[in-house]
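# Residue-level structure breakdown
Take a look at the letters that make up each chain.
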Amino acid sequence: TQLLEQSPQFLSIQEGENLTVYCNSSSVFSSLQWYRQEPGEGPVLLVTVVTGGEVKKLKRLTFQFGDARKDSSLHITAAQPGDTGLYLCAGVEAAGNKLTFGGGTRVLVKP
Amino acid sequence: DAGITQSPRHKVTETGTPVTLRCHQTENHRYMYWYRQDPGHGLRLIHYSYGVKDTDKGEVSDGYSVSRSKTEDFLLTLESATSSQTSVYFCAISDQLAGPTPNEQFFGPGTRLTVL
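Turning to the overall build of chain A, a few remarks are in order. Counting its regular elements, chain A contains zero helices and 11 strands. For chain A, the α and β elements follow one another from N to C terminus as β-β-β-β-β-β-β-β-β-β-β. For 111 residues, the compact-globule estimate of 2.2 N^0.38 gives 13 Å, and chain A sits close to it at 13 Å. Once the C-alpha set of chain A is aligned to its principal axes, its extents read approximately 45 × 30 × 20 Å. The 111 residues of chain A split such that 49% are buried. Long-range pairs, those at least 24 residues apart, make up 53% of the contacts in chain A with a sequence separation of at least 6.

A full pass over the atoms with the stated rule returns 10 aromatic pairs over all chains. On the basis of an interplanar angle of 50° and a centroid distance of 5.8 Å, the ring pair of Tyr35 of chain A and Phe101 of chain A is categorised as tilted. Separated by 66 residues along the polypeptide, Tyr35 of chain A in strand S4 (residues 31–37) and Phe101 of chain A in strand S10 (residues 99–101) bring together distant segments of the chain. The pair formed by Tyr35 of chain A and Phe101 of chain A is uniform in burial state, with each residue classed as buried. Put simply, the rings of Tyr35 and Phe101 of chain A together with Tyr33, Tyr35, Tyr48, Tyr50 and Phe107 of chain B pair up and form one aromatic cluster.

Quick notes on the rules
Residues numbered from 1 in each chain as written. Chains lettered and ligands numbered in written order. Predicted model: local features only at pLDDT ≥ 70, side-chain atom pairs only at ≥ 80, totals over all residues. Heavy atoms only, no water. Helix = DSSP H or I, 4+ residues; strand = E, 2+ residues; numbered from the N terminus. Rg over C-alpha atoms; globule rule 2.2 N^0.38 Å. Buried < 20%, exposed > 50% of the residue type's maximum accessible area, 1.4 Å probe, protein only. Contact = heavy atoms within 4.5 Å. Phe/Tyr/Trp six-rings, centres within 6.5 Å; stacked < 30°, edge-to-face > 60°.

Encoded structure:
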């Protein structure tokens, strides 16, 4: 089983600050997905990155896939209280149709 | 929203009793998955299905069994529930994930199971 390590586990910041969440593995993934989960709900996909070195932007969120396709990062610029939630990275294994999830990063943005 | 429902949404049961959780989809997706979510562990795959009557184990399959007799339904059974199986269970559906154009995994609302 391939493993994904997310860091930090918890982030508490003030509105307007920037933050970065990291997702690391020793294994290569076919692609990597980022999900956000609100309390009491299931995760919802934010983005999928497929190519090594790829950078995708979603408004104030920037996602990067490492050149070797083993790691990824999520950067939020000028965080807002609406960004509060649990962020999960998930690697798509090349063999099989499964996702391996990281442990999650809980982000709290205080007004 | 993807048409995926889970039942029951909440359940409290006692150690040693059998429990079945149901996942129902209206999207005709080929793949269905059962995960459990515990603090600090993200989502861990229990079992998944790649077609009717085709299932395989995930990383935490011990103590769980599944069945898929129709495309739209995927059942998760705890034959004899234990306190360590207290968790939030999520069902998910998707089409092809691997490859150059990976699809999205859609999640149900979750079932909170407490085993006393």
